[in-house]
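Here is what each chain is made of, one letter per residue.
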Amino acid sequence: MRFEGTAHRYGRDVDTDVIIPARYLNTSDPAELAKHCMEDIDAGFVAKVKPGDIIVADENFGCGSSREHAPIAIKASGVTVVIASSFARIFYRNAINTGLPIMESPEAARAIRDGDTVAVDADTGTITDITTGEVFTAQPFPPFIKGIIEGGGLIAAVRERVAK
Amino acid sequence: MPRPMTITEKILAAHAGRESVEPGQLIECSLDIVLANDVTAPIAIREFAATGAGSVWDPTKVALVPDHYTPNKDIKSAEQAKIVRDFAHAQGITHYWEVGCMGVEHALLPEQGVVGPGDVIIGADSHTCTYGALGAFATGVGSTDAAAGMATGTAWFKVPSSLKFEVTGKLQPWVSGKDLILHIIGMIGVDGALYQAMEFTGDTIASLGMDDRFTICNMAIEAGGKSGIIAFDETTRAYVEGRAERAWTVYESDADAVYDKVYRIDAAAIEPTVAFPHLPSNTKLVRDSRHVNVDQVVIGSCTNGRIEDLRIAAGVLKGRTVDPRVRTIVIPATQAIWKQAMHEGLFDIFVDAGAAVSTPTCGPCLGGHMGILAAGERAFATTNRNFVGRMGDPTSEVYLGSPAVAAATAVAGHIALPDDLD
């Protein structure tokens, strides 16, 4: 999988309450959730985000609640991949389970600036900041997790198991 | 000889059918309980349908608790709650609690004996780690993991490494489990235990009652932890006896178990603590925070809505009245706690003090309903998170602390210690 888009840059400890505030959790409709994505950290996000864009952040992205509405809202907003120095553990699981590509790279997270054009090759883990020409390599997923992703997510794996 | 293991590794090994496990290993575990609530269950139910399983793996081991937006806040939340109710009835789920029996999930499940020592529990709610106080492995997951768990009775885990927090000495007056866990989060940060199990030991922990222990394990996630755990002892036994619906298993860490790090904490040095906006790790001492005026006080939640919390708050509020500028909301976490508080006369104290007493709900903790903040307003709450916009408008603020400090703050109108009121 290859993605290319504009980077939207945030700091550390971006929590699930700012990714999708709880006042919108009375629905689980992706399109409805996407209208409020990142609202409490960046009120202009929904207006400026374009399909294919990329979120870049520092440590502990997605900390806080277990709400799967967070990766769902990010994905439905058009964002194709999130690059961070590290991810909070429930968000990490949720992103894999819901098919939102994530990449862990402290080097890329530090270097990429807001507005840079970034290309990502999820298969090789290569992240290229096209604006500056810098190239980074993300931590590879453990084979087990790669298996879930390549198999189409956790539900696809369960479906296969249930069918047997 | 199997390798020495921590309590967490032993529980996971037993549920993976292995003699031993080690940190970093990917394993599949059988589950004792799968939990979801009215926010996370609707997505889990949608994903469950996509698995093609048709029926849940065991209708006695799925717990569905409509507690976040209930009693239904609005039409949308009523629809969400209805999805959960209809599914529970269609599947014959035995652990479903309707409004009137319902409570805040992480107070309700231990109280009803649904979770017990030695269990492996996943819950589509980040504060599922609360049950570690019983000597169980319990961790928060998303809706899709819960769906897979409902379909198969299993979940995959990466075995976490462990951090040991050895707390010794006597806690000072007005210092509670809440102050202790805020102190720890302030010390290690909101990702200080990322992916790790937090094991709490030492004579201070042993001296604490179950309600303080639940509070401590409840906030493990606020340090990024995968789980929090306190080993089974006589206090645990007294709590689960006559309550647990299944036989329990007791595990304890081997003396030579391996930890990533051991923190030794002197309990006597901990003072009443408050977490300032906008992270639970942004801690300061209450005595240095008296300049902060508040508009609202909330006493409740899965962190501090249990009977001992209400007794402490009532002890401070007795014979006093809250500052007329401070809306004070008390939320007993379950119906049983509500009834107990009523019988003990705590409601007379709260109502005479000018506080509102609510039916059980997560409500204001997540900015859902029952006490939302306007722009620029400040709340002092016994809850667990103070992120931007957590309890209402994005410019509002939440300060986190203990029930004793919350009650004193309600009376003083600013952050205060109970002793300030004399």
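Residues numbered from 1 in each chain as written. Chains lettered and ligands numbered in written order. Predicted model: local features only at pLDDT ≥ 70, side-chain atom pairs only at ≥ 80, totals over all residues. Heavy atoms only, no water.

Peer 1: What is the right way to read the sheet that holds strand 2 (residues 33-37) of chain B from this model?
Peer 2: Sheet strands pair by backbone hydrogen bonding; their relative direction is either parallel or antiparallel. All names here are of chain B. An order of 4-3-2-5-6 is seen for the 5 strands of this open sheet, with the pairing classed as parallel. For this open sheet the edge positions go to strand 4 (95-96) and strand 6 (137-140), each flanked by a neighbour on one side alone. Seen against the sheet, helix 5 (residues 143-152) touches strand 2, strand 3 (62-65) and strand 5 (120-124) and runs at an angle of roughly 130° to strand 5. (Pairing = 2+ DSSP bridges. Helix = DSSP H or I, 4+ residues; strand = E, 2+ residues; numbered from the N terminus. Contact = heavy atoms within 4.5 Å. Axes fitted to C-alpha atoms, helices over the stretch in contact; angles between N-to-C directions.)

Peer 1: Hey, could you run me through the sheet that holds strand 7 (residues 134-137) of chain A in this one?
Peer 2: All names here are of chain A. Strand order in the open sheet formed by 7 strands is 4-3-2-1-5-6-7, with mixed pairing between adjacent strands. In this open sheet, the two edge strands, each paired with only one partner strand, are strand 4 (102-104) and strand 7. Geometrically, the sheet is characterised by an average inter-axis angle of 25° between neighbouring strands, direction not taken into account. Judged from the 4 bridges that link them, strand 5 (residues 117-121) and strand 6 (residues 126-129) form a sheet pairing that is antiparallel. Across the sheet, residue aspartate 121 finds its bridge partner in strand 6, namely threonine 126.

Peer 1: Can you walk me through the interface of chain A and chain B in this structure?
Peer 2: Accessible area lost upon the coming together of the parts serves often as the stated size of an interface. Between chain A and chain B, the contact holds 44 residues from the first and 53 residues from the second. Here chain A and chain B share an interface that buries about 3,900 Å² over both sides, 57% of which is from carbon and sulfur atoms. At the surface where chain A touches chain B, the tally comes to 5 salt bridges. Close ionic contact of arginine 12 of chain A with aspartate 191 of chain B constitutes a salt bridge, the shortest N to O distance being 3.1 Å. Viewed at the interface, chain B and chain A are joined by 22 residue pairs in polar contact (both at pLDDT 80 or more). Those elements giving two or more residues to the side of chain A that touches chain B turn out to be helix 1 (16-19), helix 4 (69-76), helix 5 (89-98), helix 7 (143-150) and helix 8 (154-163) of chain A. Per-class residue counts for the side of chain A that touches chain B are 17 nonpolar, 12 polar and 15 charged. (Buried area = accessible area lost by both parts, 1.4 Å probe. Salt bridge = Lys/Arg side-chain N within 4 Å of Asp/Glu carboxyl O. Polar contact = N/O pair within 3.5 Å; in protein donor to acceptor, adjacent residues only side chain to side chain. Nonpolar A, V, L, I, M, F, W, Y, C, P; charged D, E, K, R; others polar.)

Peer 1: Looking at this structure, I do not really get the pairing of strand 14 (residues 296-300) of chain B. What am I missing?
Peer 2: On any regular strand, side chains alternate: one points to one face of the sheet, the next to the other face. Residue and element names in this part refer to chain B. Here strand 14 lies mainly inside the structure; 5 of its 5 residues are buried. On strand 14, burial covers both faces: Gln296, Val298 and Gly300 on one face and Val297 and Ile299 on the other are all buried. Looking at chain direction, strand 14 and strand 17 (residues 378-381) are connected through 3 bridges and run parallel. Considered in strand 17, the bridge of glutamine 296 is made with alanine 379. Summarising the sheet, strand 14 and strand 15 (residues 327-331) pair through 5 bridges and their orientation is parallel. (Buried < 20%, exposed > 50% of the residue type's maximum accessible area, 1.4 Å probe, protein only.)

Peer 1: Help me understand empty space enclosed by the protein, please; the structure alone is not making it clear to me.
Peer 2: Over the atoms rolls a probe the size of a water molecule, and in doing so it shows where empty space is left. Residues and elements named next belong to chain B. Taken as a whole and assessed by the stated rule, the structure comprises 7 cavities of 30 Å³ or more. The calculated volume of the largest cavity comes to roughly 220 Å³. If you trace the largest cavity, you find 22 residues lining it, with His68, Asp125, His127, Leu366 and Arg390 closest to the centre. Mapped onto the lining of the largest cavity, the elements with two or more residues apiece are helix 4 (105-111) and helix 10 (301-304). (1 Å grid on protein atoms, 1.4 Å probe; cavity = no way out; pocket = protein on both sides within 12 Å on 5 of 7 lines; lining within 4 Å. Points joined across faces, edges and corners; volume = space filled by probe spheres on them.)

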